[in-house]
Amino acid sequence: VAIASSFAQICFDTLVRLALVIALIVFFRDWPVPNLVGLIVVMMTSIIFCLSVGLLLSINNMAYTDIQRIVAILLQYGLFLSGVIFPMSSMGILAILEPWNPFAVFIAASRSFLFEGVYLYQGALACWAIGSVLLLVIAIRFFYLMEQRVRGLS
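Residues numbered from 1 in each chain as written. Predicted model: local features only at pLDDT ≥ 70, side-chain atom pairs only at ≥ 80, totals over all residues. Heavy atoms only, no water.

Within this structure, the stated rule accounts for six aromatic pairs. Pairing Phe49 with Phe103 gives two aromatic rings, centres 5.6 Å apart and planes at 75°, and the pair type is edge-to-face. Taken together, the positions of Phe49 in helix α2 (residues 36–63) and Phe103 in helix α4 (residues 102–115) put the pair 54 residues apart, joining distant regions of the chain. With relative accessibility at 7%, the residue Phe49 sits in the buried group. Cluster of aromatic residues (ring-pair linked, three or more members): Phe49, Phe103, Phe106 and Trp128. (Phe/Tyr/Trp six-rings, centres within 6.5 Å; stacked < 30°, edge-to-face > 60°. Helix = DSSP H or I, 4+ residues; strand = E, 2+ residues; numbered from the N terminus. Buried < 20%, exposed > 50% of the residue type's maximum accessible area, 1.4 Å probe, protein only.)

Below, the structure written as structure tokens:
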């Protein structure tokens with residue numbers, strides 16, 4: 001029941017945010033020129049990256065309970081460096097860090113593919129896509145090995 005209610009809450013929050021985004025698009029008349037293939041690739045790559053990081057953090061949280069607190073603090077302040085609120089390219093000297101921040105790359109790429117149809121920094125996106133797949137392989141292997149150890153099977 002708790003999992004179902006959490007999932008329902010996430011779905012509701014997502015629909016409210018989607019409605020807000022649509023209202024902003026209509027209000028500002030910034031009509032999308034979507035590149036759906038690019039957008040799907042970016043979304044799948046970002047999902048793979050986030051799943052990989054989540055697997056690594058979840059198994060480490062079992063061994064080190066302070067991981068959850070540290071991640072919560074980093075996510076609070078990392079939101080400002082991700083490009084969600086405003087693009088990193090408008091942040092002066094911090095714009096240099098944009099290709100090194102996977103969240104900023106994924107958000108800028110999805111925004112560009114949705115509204116402009118093209119993303120200019122294809123190299124950074126390709127590097128993070130390859131890195132995401134490699135990180136997924138490492139995370140799955142690490143999760144499998146550590147799960148066996150945490151459960152006491154090996």
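Moving on from the coordinates now.
This part is about the state of the cysteines. Applying the stated criterion across every chain, the model contains zero disulfides. In this model Cys50 remains outside any disulfide bridge; the closest cysteine sulfur is found in Cys11, 17 Å from its own. Look at Cys50 and you get partly exposed, because its relative accessible area is 41%. (Disulfide = S-S within 2.5 Å.)

Shape is all these values report; function is a separate question.
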